[in-house]
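Here are the chains, one letter per residue:
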Amino acid sequence: MITGDHLIDGAWQGSDTRLASADLDGAAVAQATAAQIDAACRAARRDFRAYAATSRDARAAFLRAIAEEIDALGHEITRTAMAESGLPEARLVGERGRTTGQLRMFADLIGAPDYLDVRIDPALPDRQPLPRPDLRLTHRPIGPVAVFGASNFPLAFSTAGGDTASALAAGCPVIVKGHPAHPGTGELVARAIVAAAARCGMPKATFQFVQGAGQDVGEALVQHPNIRAVGFTGSLRGGRALFDLCHARDLPIPFYGELGSVNPVFLLPAAMDARAETLGQAWVQSLSMGAGQFCTNPGVVVGVDGAALSAFAQAAVATAGGVAGQKMLTAGIHRAYLAGVETLSGGAERIGGEGTDAAPQSARPALFRTDAATWSATPALRHEVFGPAGIIVACRDTQDMLAVAEGLEGQLTATLHADEADHPLARDLLPMLEEKAGRLLFNGWPTGVEVCAAMMHGGPYPASTDVRSTSVGTLAISRWLRPVSYQNVPPALLPHPELAG
């Protein structure tokens, strides 16, 4: 079934330029042209009003149909994703379940009108000195949305991932820019969405899929005047470039990007006295999960220097020594990981871990240690290394720990390991960390993001480009909606019955 083509305005089409994919036994992947991007964006704009006018029930049925079509292709999707990403079968089967689960979650969400945040202020014709008009506020779809697939989640953050699911639920047509690391997986999922759209009678350009390596396709997509919002998961460098393009347009548009995080973990003294070795082992297990290729990877731990922190480090080093090499997603990501390890080696003491091994594209944990003063004075140590590299920051005392927290950039997560005796220090840390991170954890590890209503997966810049939004959980739908007030509009002309009261 895999052709390497694009889906534009309901039809699959190729292009003259193609790149071979070694992971797909030499299959050639089409590179979208400027004319094809323009055609996709024009088609999305043409069908926007028709799709936005569909009922909530119709869109919910569409989302559930997508989940069913993905499940029907389950084995082929898993097999292809394994070949392209190197991820194990169990991980990809679980990720497919997460993908279909969030599609059904958004179908359930829009089954009730609460997400529209309807507000009604009836007319007060007798109010003095002036009457009040009838005012009714709801949230309407923002317009065609461009979504960029992520390298590290071929399913849950890609073609039918949370950005696509929430935008379709909101009533916005979606154009997905497939990630070049897994073009076959992206195409298979796109075909599932097409089948669901046909089953449900959705407009042809409700969903489209384009491919291409390099920057040209993405830049053309976000700069097209018919695109009204963008969802992105990827690197700080690439995301910031697209963010700047979105805001430099004649009509600036929102860019919702998840760009990276070191996800600091604070080891408070009483917790460390009670279980330092166990915490050291657990840190490396979280750090090396999936070859460290998670956006919530705990790349930094902060503790007070002393016997407990030394025991933690020793346990971490011993655990890292037993972690086998794992294939990284792409050769480029592997090279970037090795470069990141080299950068950390230049500014901190390397205490253990091999970093890599003889197997091609393979990564192993690399562990480092530095003091709080060096950490604070060395920006290179504070940057995310995408992979299983971690650094221990040793503080002189708890005041030093507070200073480290105060100096953090924006993060997706921040974690405290604390016992009851640590609560006074935790009370001092929490107000700082609330300003720095979107999700705060106690006595756990940030790898593993629950898909539910209460999840916040975002944070202050540079973790994400909008501190008010999340890319996981039901709140994600708010990114693709905008408030509209209707004044003295006849009930029969209002966009949905809940607005009529």
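See the structure shown above.
Residues numbered from 1 in each chain as written. Predicted model: local features only at pLDDT ≥ 70, side-chain atom pairs only at ≥ 80, totals over all residues. Heavy atoms only, no water.

## Concerning the sheet that holds strand E18 (residues 389–395)
Taken in spatial order, the 7 strands make up an open sheet running E15-E17-E18-E13-E12-E19-E20, and their pairing is mixed. Taken across any chain shown, the strands that pair with only one partner, and hence form the sheet edges, are strand E15 (349–352) and strand E20 (437–442). The average undirected angle you get between the axes of adjacent strands in this sheet is 25 degrees. Sheet topology note: the strand E13 (residues 300–304)/E18 ladder contains 5 bridges and is parallel. Each residue of the ladder has a partner; that of Val302, found in E18, is Val393. (Pairing = 2+ DSSP bridges. Helix = DSSP H or I, 4+ residues; strand = E, 2+ residues; numbered from the N terminus. Axes fitted to C-alpha atoms, helices over the stretch in contact; angles between N-to-C directions.)

## A word on the packing of helix H2 (residues 56–72) against helix H5 (residues 162–170)
Contact geometry for H2 and H5: axes closest at 9 Å, N-to-C directions at 155 degrees. When the axes of H2 and H5 are compared, the pair comes out roughly antiparallel. In the packing of H2 onto H5, the handedness of the crossing is right-handed. Across the interface between the two elements, Arg59, Phe62, Leu63 and Ile66 from H2 touch Ala165, Leu168, Ala169 and Ala170 from H5. Tallied by class, residues from the contact of H2 with H5 come to 7 nonpolar, no polar and 1 charged. (Parallel < 35°, antiparallel > 145°, perpendicular 65-115°, else oblique. Left-handed = near helix turned anticlockwise from the far one by under 90°. Contact = heavy atoms within 4.5 Å. Nonpolar A, V, L, I, M, F, W, Y, C, P; charged D, E, K, R; others polar.)

## Points about the packing of helix H3 (residues 74–85) against helix H6 (residues 183–200)
At a minimum axis distance of 8 Å, the contact between H3 and H6 shows a crossing angle of 160 degrees. Our classification of the angle between H3 and H6 gives roughly antiparallel. The handedness of the crossing between H3 and H6 is left-handed. For the pair H3 and H6, the contacting residues are Glu76, Ile77, Thr80, Ala81 and Glu84 in the first and Pro183, Gly184, Thr185, Leu188 and Val189 in the second. Along the lines of polarity and charge, the residues of the contact of H3 with H6 split into 5 nonpolar, 3 polar and 2 charged.

## Some thoughts on the nonpolar core
If you look at the biggest cluster of nonpolar residues, it comprises 47 residues, and the most contacted ones within it are Phe62, Leu63, Ile66 and Trp480. Contributing elements (two or more residues each) for this core: H2, helix H4 (89–109), strand E7 (145–148), H5, strand E8 (174–177), H6 and strand E9 (207–210). Setting aside its immediate chain neighbours within four residues, Leu63 contacts Leu103, Phe106, Ala107, Ile110, Ala165, Leu168 and Ala169. Counting residues in each nonpolar core, the second largest holds 40 residues, with Leu268, Ala348, Phe368 and Ala426 among its members. (Core = buried A, V, L, I, M, F, W, Y, C linked by side-chain atoms within 4.5 Å. Buried < 20%, exposed > 50% of the residue type's maximum accessible area, 1.4 Å probe, protein only.)

## Details of the pattern of salt bridges
The final tally for this structure, using the stated rule, is 20 salt bridges. As a salt-bridge pair, Asp38 and Arg42 come within 2.9 Å of each other at their nearest N and O atoms. With a gap of 4 residues between them, Asp38 and Arg42 both fall in helix H1 (residues 34–52), about one helical turn apart. A residue is classified by how much of its surface remains accessible, and Arg42, at 53% relative accessible area, is exposed. Each of Asp9, Arg46 and Asp47 takes part in salt bridges that share partners, so that together they form one network. (Salt bridge = Lys/Arg side-chain N within 4 Å of Asp/Glu carboxyl O.)

## A few points about the packing of aromatic side chains
Aromatic ring pairs are reported here in terms of the distance separating the ring centres and the angle at which the planes meet. Here the structure, examined in full by the defined rule, presents 8 aromatic pairs. Seen in terms of ring centroids, Phe153 and Phe157 are 5.2 Å apart; in terms of plane orientation they differ by 55 degrees. Their pairing is tilted. The residues Phe153 and Phe157 share a single accessibility class, namely buried. In textbook terms, an aromatic cluster arises when at least three aromatic residues are bridged by ring pairs, as seen for Phe148, Phe232, Phe243 and Phe255. Here the basic side chain of Arg91 rests over the ring of Phe153, its NZ or CZ set 4.7 Å away from the ring centre. Lying across the ring of Trp12, Arg191 places its NZ or CZ 4.0 Å from the centre. (Phe/Tyr/Trp six-rings, centres within 6.5 Å; stacked < 30°, edge-to-face > 60°. Lys NZ or Arg CZ within 6 Å of the ring centre and 35° of its normal.)

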